[in-house]
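Working through the structure, step by step
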Amino acid sequence: MVREGWQEQEADTLVDTALLPSLWPLETKEFGMAENTADFLLARLREWDIHRLYGYPGDGINAILGALNRAGSDPELIQVRHEEMAAFMACAHAKFTGEVGVCLATSGPGAIHLLNGLYDAKLDHQPVVAIVGQTARPALGGSYQQEVDLTTLFKDVAHEYVEMASSPEQMRHLVDRAVRIAKDQRTVTCLIIPNDVAELAAVETPPRAHGTIHSSLGYSPPTILPTQDDLRRAAETLNAGEKIAMLVGAGALGAGDEVVEVAELLGAGVAKALLGKAVLPDDLPFVTGSIGLLGTKPSWDLMMDCDTLLMVGSSFPYSEFLPEEGKARGVQIDIDGRMLGIRYPMEVQLVGDSKATLRALIPLLQRKGDRSWRERIEKNTAKWWELMEQRALESADPINPQRLFFELSKRLPDNAILSSDSGSSANWFARDVKVRAGMKASLSGNLATMGPGVPYAIAAKFAYPDRVAIALVGDGAMQMNGLAELITIGKYWQRWSDPRLIVLVLHNDDLNQVTWEQRAMEGDPRYDASQDIPDFPYARYAELIGLKGIRVDNPEEIGTAWDDALAADRPCVLEAITDPAVPPLPPHITFEQATHFAQSVLRGDSDRRAMITQSLKQMVGEFIPGR
Ligand SMILES: Cc1ncc(C[n+]2csc(CCOP(=O)(O)OP(=O)(O)O)c2C)c(N)n1
Ligand SMILES: [Mg+2]
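Here's a quick rundown of the structure. Owing to the predicted nature of the structure, the values given are computational and were not obtained by experimental measurement.

1. Observations regarding the sheet that holds strand 9 (residues 287-290)
What the 6 strands build is an open sheet, ordered 9-8-7-10-11-12; its pairing is parallel. Two strands in the sheet have a free side with no partner beyond their single neighbour: strand 9 and strand 12 (348-351). Adjacent strand axes in the sheet meet at a mean angle of 15°, parallel and antiparallel pairs treated alike. Where strand 10 (residues 308-312) and strand 11 (residues 329-334) come together, 5 bridges link them in parallel fashion. Paired with V312 across the two strands is I333, which belongs to strand 11.

Written out as structure tokens, the structure reads:
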């Protein structure tokens, strides 16, 4: 029959449902009695030390939700506003704790909603298990309502392991493998569980018979070390160099002490890829800060002038910010051999755990007697921080966004956890925020998606309820999803022993990062139809839903605003009215970019006067002809 609308479809569904009981095995109807497969799924996750799931309900996972209800709070379900947020939170849980993050969504639309968050995890190499429902087995293949080919849908994002349960006997090994593979491969895995399978009586021990699987719990990560020969080759290269640059990424988190020791021995400067921001504190004089389009000038100089590059745990993508090919000898350390030698032609490529490999390398390194290279880096870096302060204190209309980050840096509480969204905030987060030892900081590094700022901070609060979480987010990202996720904060904040979660909103009525990309990369004027976003009262909205809201439009009040937000007895939205004309400039302006910039002005940019004034203010000393 031809279906004409929702009403009719609903009616159909009702008739179908009435027929269903005859298809269900008897034992599944004994609710609350024997454990069903969904209960066993949760029990097995618990045994894997997984105690929290981020998710959203739907009838494709009703059996699992029933089991969660019976399980009480272990594992607990954290209810989000949108499944993509559940995936972001699972990703952030993995990033901030090093444990596996888990998200749960219903079949069809719920499963589809997870995807962007799962890609964020996949691209940043985080262990995340996605559990999704599926149409009941008797209807599969029947173009049933909400029936989507989920195995195919998840085949890319969870390519290391995506499996659908078709019998209760599978549940034990499906969970064991999904978790173990996520950990071992540092990636996303996916379990698809038809609701009728989840309702069946659990089979904890499959029969001892041909065609069954008897799996086990547990995973201990190995310590991977390169051979002594390779370590020696690496040491020879590093010992021969006179001007050593180090670049550290997320893979070096936890190896900070070793990075410092190596940098001291080699007289090196250390640049940090975005995901490696928390590897080293920014108050070390030889840490040049971030690199790339969102990077610093001392990082640029470090890379351009070095004769040897040591890259540790980073897949930083932009080769043009690394030394020119042939100008420097390269040594790279990565735990994943697939990530070696793809950004710069490396002479020595070591597959190894960053901490253990650096530890093994240290005895082979000779301390460089000539410290002039190191002194130059330190001088450059100190000058850069002065420039950052100068830039932050430049006036703007009304608020120069850099000043918000500059003032925050001075006030960051110990052990704060920071998240940034994609947008201009990522520039200021990368360049202006000085992290200290003990802090954590992350964003969507490789996918660079909008949206993770607020959900990452929420996951940080669940993982560490006693620490302050701060999300740095654009107004576009707030309108995309952050506003809705404030409701989740409203629902849960009273559970957190320290209720402070601050969302800084850069209210510029603009999709600013892209506006500047249109100007600098394309030479196009701002395209108002795509770049203007509607005005919205972010702080007032926060108040409306029971959070604290602070709105600041006077640069002199920024410090007090941060103080108030940090002293609040509840989560707070700090809405700052910022000037979209302040350019999130790359560390140096190339000739081509300068030309494009001029073209965008000539072609009639709607904001040209302010943008020229601000750019000139910010560009002082930055133009490098010919580069
Ligand atoms: C999901 C997604 N859509 C689009 C983009 C492209 N993009 C990157 S930054 C940005 C603008 C962000 O605007 P806003 O959140 O207001 O921050 P601002 O740059 O204005 O501070 C856009 C559209 C993206 N990275 N991710
Ligand atoms: Mg904006």
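2. Structural notes on the site of ligand 1
Lining the immediate environment of ligand 1, one finds 16 residues, of which S424, D475, G476, D510 and N512 sit closest. N512 places a polar main-chain atom, nitrogen or oxygen, 2.8 Å from an oxygen atom of ligand 1. One of the backbone N or O atoms of Q513 is found 2.9 Å from an oxygen atom in ligand 1. When ligand 1 is considered free in solution it has 590 Å² of accessible area, and contact with the protein chains removes 77% of it. Going through the elements one at a time, helix 17 (475-492) and helix 18 (512-522) are the ones with two or more residues in the shell around ligand 1. Classifying every residue of the shell around ligand 1 gives 5 nonpolar, 9 polar and 2 charged.

3. Brief notes about the pairing of strand 1 (residues 52-55)
Side chains of strand 1 alternate between two faces, with R52 and Y54 and L53 and G55 buried alike. Two strands pair when backbone bridges link them, and strand 1 and strand 2 (residues 76-79) are joined in this way by 4 bridges, in the parallel orientation. By the bridge assignment for strand 2, Y54 is matched with I78. In the classification by handedness, the crossover that spans strand 1, the intervening helix 3 (residues 62-71) and the parallel strand 2 is right-handed. In this sheet, strand 3 (residues 101-105) lies alongside strand 1 in parallel orientation, the contact comprising 2 bridges. Following the sheet pairing, Y54 is matched in strand 3 by C103.

4. Things to note about the side chain of T135
By the element assignment, T135 lies in the loop between strand 4 (128-134) and helix 6 (150-153). Under the relative-accessibility criterion, T135 is labelled buried at 6%. Of note is the side chain of T135, whose polar atom sits 3.4 Å from the side chain of Q134. Those residues in contact with T135 that lie beyond four places of it in its chain are S107, L140, Y144, Q145, Q146, E147 and P194.

5. Quick notes on the sheet that holds strand 5 (residues 162-164)
Within a beta sheet, neighbouring strands are joined by backbone hydrogen bonds and run either parallel or antiparallel to one another. Read from one edge to the other, the open sheet built from 6 strands follows the order 2-1-3-4-6-5, with strand pairing classed as parallel. Only two strands of the sheet have a single neighbouring strand rather than two, namely strand 2 and strand 5. Each strand of the sheet is rotated relative to its neighbour by a mean of 25°, with strand direction disregarded. Where strand 3 lies against strand 4, 5 bridges are found, and the strand directions are parallel. Counted as the bridge partner of V102 is V129 from strand 4. Where helix 3 meets the sheet, it contacts strand 1, strand 2, strand 3, strand 4 and strand 6 (188-194), and its direction lies at approximately 125° from that of strand 3. Along the sheet face, helix 4 (residues 83-97) touches strand 1, strand 3 and strand 4 and points at about 170° away from the line of strand 3.

What counts and how
- Residues numbered from 1 in each chain as written.
- Chains lettered and ligands numbered in written order.
- Predicted model: local features only at pLDDT ≥ 70, side-chain atom pairs only at ≥ 80, totals over all residues.
- Heavy atoms only, no water.
- Pairing = 2+ DSSP bridges.
- Helix = DSSP H or I, 4+ residues; strand = E, 2+ residues; numbered from the N terminus.
- Axes fitted to C-alpha atoms, helices over the stretch in contact; angles between N-to-C directions.
- Near = heavy atom within 4 Å.
- Polar contact = N/O pair within 3.5 Å; in protein donor to acceptor, adjacent residues only side chain to side chain.
- Areas by Shrake-Rupley, 256 points an atom, 1.4 Å probe, with all protein chains shown as cover.
- Nonpolar A, V, L, I, M, F, W, Y, C, P; charged D, E, K, R; others polar.
- Buried < 20%, exposed > 50% of the residue type's maximum accessible area, 1.4 Å probe, protein only.
- Right-handed = clockwise from strand over helix to strand, strands pointing away.
- Contact = heavy atoms within 4.5 Å.

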